[in-house]
Amino acid sequence: LLTVINLTAQSKIYWVDWNNGKVQRSNTDGSSVQDLVTGLSDPNGIAVDSINGKIYWGKGSSPGKIQRANLDGSSVTDLITGMANVVDIALDVNNGKIYWTNNFDQKVQRANLDGSNVQDLLTGRGDPAGISVDTVNGKIYWVERTGLNISRANLDGASVQDLITSGLTTPYGLELD
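Caption draft 1: Inspection of the overall build of the chain at higher detail. Looking only at helices and strands, the chain features zero helices and 16 strands. In terms of C-alpha radius of gyration, the chain reaches 15 Å, essentially the compact-globule figure of 16 Å for 177 residues. Residues classed as buried in the chain amount to 51% of the 177 residues present. Roughly 8100 Å² of accessible area belongs to the chain as shown, and the carbon and sulfur atoms make up 43% of that amount. Of the side chains in the chain, 14 bear a positive and 19 a negative charge, and the two mean positions are spaced by 3 Å.

And the structure:
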């Protein structure tokens, strides 16, 4: 999974390398690849908070967790632990929230950016994967691989709507424009 952000004068690409257990970044032209965090077990999903200078990622196998570091990879912190599996992460920096999908537990969850106040927004959802946040309209969107659909709800998990329910064979990632 990949995120592109603009850091004042130089844009960067951030990604997790699942097989090699790394969080990495480079310039948007592919130059200057850097290992930011190494020695991770199954990193999955990544989100960048350029306002507060943080990167977030999940651990994609049990026991799952969400970790955070500074944009240069320093100060790695375990924010949320004890989950089954984190697939993808999305941020709502304006409201101070992190959202994620937990496919083994069939949940869409959120917490404060510091990892406090973990909430189950949706439970019993079929293998949720990709997630994205629409802060302008107050919605979260996610993919369900078992149900083969794309759904949305309010930021608090209320008013679930299944939007795309046919024609999907292996949905996974999701991003809004």
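Caption draft 2: Layout of the pairing of strand β7 (residues 64-70). Buried residues dominate β7, accounting for five of its seven residues. Relative to β7, strand β6 (residues 54-59) is paired through five bridges, and the arrangement is antiparallel. From the neighbouring strand, I55 faces β7, where its bridge partner is A69. The hairpin formed by β6 and β7 contains four residues between the paired strands. In the sheet, β7 pairs with strand β8 (residues 77-83) via five bridges, with the strands oriented antiparallel. Considered in β8, the bridge of Q67 is made with D78.

Caption draft 3: Broad picture of the sheet that holds strand β9 (residues 88-92). Here we have four strands laid out as an open sheet, ordered β9-β10-β11-β12, and antiparallel in their pairing. The open sheet has two edge strands, β9 and β12 (119-123), and neither has a second partner. Averaged over all adjacent pairs, the angle separating strand axes in this sheet is 20°, with direction ignored. Examined bridge by bridge, β9 and strand β10 (residues 97-102) share five bridges and lie antiparallel to one another. If you follow L91 over to β10, its bridge partner there is I98.

Caption draft 4: Region of the structure containing the side chain of N149. Examined against the element boundaries, N149 turns out to sit in strand β15 (residues 149-154). At a separation of 2.6 Å, a polar atom in the side chain of N149 contacts the side chain of S151. Side chain to side chain, N149 and D162 meet in a polar contact 3.2 Å long. Ignoring any residue separated from it by four or fewer positions in sequence, one finds N149 in contact with R125, W142, V143, E144, D162, I164, T165 and L168.

Caption draft 5: A look at the sheet that holds β8. An order of β5-β6-β7-β8 is seen for the four strands of this open sheet, with the pairing classed as antiparallel. Every interior strand has two partners, whereas the edge strands, β5 (43-49) and β8, have only one. Within this sheet the neighbouring strands show an average axis-to-axis angle of 15°, counted without direction.

Caption draft 6: Main features of the pattern of salt bridges. Going through the model one piece at a time under the given rule, you end up with six salt bridges. D35 is paired through a salt bridge with K22; the nearest N and O atoms lie 3.2 Å apart. Taken together, the positions of D35 in strand β4 (residues 34-37) and K22 in strand β3 (residues 22-27) put the pair 13 residues apart, joining distant regions of the chain. Note that D162 is salt-bridged to R125, the shortest N-O span being 3.0 Å. Taken as a pair, D162 in strand β16 (residues 161-164) and R125 in the loop between β12 and β13 (128-134) lie far apart in primary sequence, 37 residues in all.

Caption draft 7: Geometry of the nonpolar core. Judged by nonpolar contacts, the single largest core of 13 residues is most densely connected at Y56, I66, I80, I89, L91, I98 and W100. Listed by contribution, the elements that provide at least two residues to this core are β8, β9 and β10.

So, how was this worked out
Residues numbered from 1 in each chain as written. Predicted model: local features only at pLDDT ≥ 70, side-chain atom pairs only at ≥ 80, totals over all residues. Heavy atoms only, no water. Helix = DSSP H or I, 4+ residues; strand = E, 2+ residues; numbered from the N terminus. Rg over C-alpha atoms; globule rule 2.2 N^0.38 Å. Buried < 20%, exposed > 50% of the residue type's maximum accessible area, 1.4 Å probe, protein only. Areas by Shrake-Rupley, 256 points an atom, 1.4 Å probe, with all protein chains shown as cover. Lys, Arg positive; Asp, Glu negative; His and termini not counted. Charge placed at Lys NZ, Arg CZ, Asp CG, Glu CD. Pairing = 2+ DSSP bridges. Axes fitted to C-alpha atoms, helices over the stretch in contact; angles between N-to-C directions. Polar contact = N/O pair within 3.5 Å; in protein donor to acceptor, adjacent residues only side chain to side chain. Contact = heavy atoms within 4.5 Å. Salt bridge = Lys/Arg side-chain N within 4 Å of Asp/Glu carboxyl O. Core = buried A, V, L, I, M, F, W, Y, C linked by side-chain atoms within 4.5 Å.

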